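# Breakdown of the fold
If you want the building blocks of each chain, they are given just below.
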Amino acid sequence: MIRILLVDDEPAICAGLRAKLESLPLDKIGVIRSAQSVQEALRLFSRERFDILFTDINMPGESGLELLRELRRRNIGVKAIVLSGYDDYPYVRESFQLGVFDYLLKPVSTGELREKLEALLALQDGRTPGEEEPGCRSVSELARAYVEAHYAENISMTVIANLVSMNYTYFSELFRLETGIGFRDFVMQVRVREAKRLLADPTIRVNDVAALVGYENPKNFSRAFHKLTGSTPTDYRKAHGAGEPRGKSG
């Protein structure tokens, strides 16, 4: 059974999040505790083991980032999901550098909560929380599962390395050894595969396809697509019988 800690300076948010977690049809959820400050959270961590942490990122006094930094300093292995407001994105970006699994925008819906938690549990399948090695699932399997679930997002190899509790360089070498391909190339392959599927729908503009598979810059998308297929996205669409919709861009 997994043990969860909720950290938010507003007790009502912790209570609401707890109620949503308890309503999920996930039999792996066990103990759920809450804290209203970083120091209270650290006191709980000193007494108990937690597998998953949900923490507000922007709190009065010490922030969620300071909690994450201190947990890392103490070498406490916990998978973290940060709770963020729309104005918190610079903090979210730094939190990924600290190894968080993902983030949720407030207010958190039950559906979003279930989606993130199921993805996290799937990645932890076969691992004992806090173990250095991923148990019966290889590092590459865990990394590939994460990419398949998050290819539309800004995927950082640093985040993945932290997710599997490995040094960045060692993870890169091990992934290539286990798969025969570099991690960045694998991400590109997944994104281009999904792009091909989306390009079959003539109602979706090429620029929108780029965004849907994780490319903020359409030129970078076209470059990657051409590298793997020998064709531009527009030419690929034409060759496969799907015309570009009106008002196209890219």
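Predicted model, so just to flag it, every value in this text is computed and none were measured.

All right, on to the pattern of salt bridges then. Counting across every chain of the model gives 14 salt bridges. Across the pair Glu70 and Arg73 runs a salt bridge whose closest N-O atoms are separated by 2.6 Å. Of this pair, Glu70 and Arg73 both sit in helix 3 (residues 64-73), separated by 3 residues, roughly a single helical turn. Salt-bridge contacts for Arg114 lead to Glu118; the nearest nitrogen and oxygen are separated by 2.8 Å. In this pair, Arg114 and Glu118 both sit in helix 5 (residues 110-124), 4 residues apart, roughly one turn of the helix. A relative accessible area of 33% means that Glu118 is categorised as partly exposed. Through salt bridges with shared partners, a single ionic network connects Glu148, Arg193, Glu194 and Arg197.

The next thing to look at is the packing of helix 2 (residues 38-47) against helix 3. Viewed as axis vectors pointing N to C, helix 2 and helix 3 meet at an angle of 25°, and their least axial separation amounts to 10 Å. By the angle class used here, helix 2 and helix 3 are roughly parallel. Where helix 2 crosses over helix 3, the two elements pack in a sense that is right-handed. Across the interface between the two elements, Val38, Ala41, Leu42 and Phe45 from helix 2 touch Leu67, Glu70 and Leu71 from helix 3.

Here we come to the confidence of the model for the chain. A residue-level look at the chain finds 86% of positions with pLDDT of 70 or above and a mean pLDDT of 84. Across residues 126-133, confidence stays below pLDDT 50; counting only partners more than four residues off in sequence or on other chains, it has 17 contacts.

Let us look at the sheet that holds strand 1 (residues 2-7). Within the open sheet, the 5 strands sit side by side as 2-1-3-4-5. Their pairing is parallel. Both outer strands of the open sheet, strand 2 (29-35) and strand 5 (102-105), are each paired with one neighbouring strand and no more. Adjacent strand axes in the sheet meet at a mean angle of 20° when their direction is disregarded. Relative to strand 4 (residues 79-84), strand 3 (residues 52-56) is paired through 5 bridges, and the arrangement is parallel. Bridged to Ile52 within strand 4 is Lys79.

Calculation criteria
Residues numbered from 1 in each chain as written. Predicted model: local features only at pLDDT ≥ 70, side-chain atom pairs only at ≥ 80, totals over all residues. Heavy atoms only, no water. Salt bridge = Lys/Arg side-chain N within 4 Å of Asp/Glu carboxyl O. Helix = DSSP H or I, 4+ residues; strand = E, 2+ residues; numbered from the N terminus. Buried < 20%, exposed > 50% of the residue type's maximum accessible area, 1.4 Å probe, protein only. Axes fitted to C-alpha atoms, helices over the stretch in contact; angles between N-to-C directions. Parallel < 35°, antiparallel > 145°, perpendicular 65-115°, else oblique. Left-handed = near helix turned anticlockwise from the far one by under 90°. Contact = heavy atoms within 4.5 Å. pLDDT = per-residue confidence, 0-100. Pairing = 2+ DSSP bridges.

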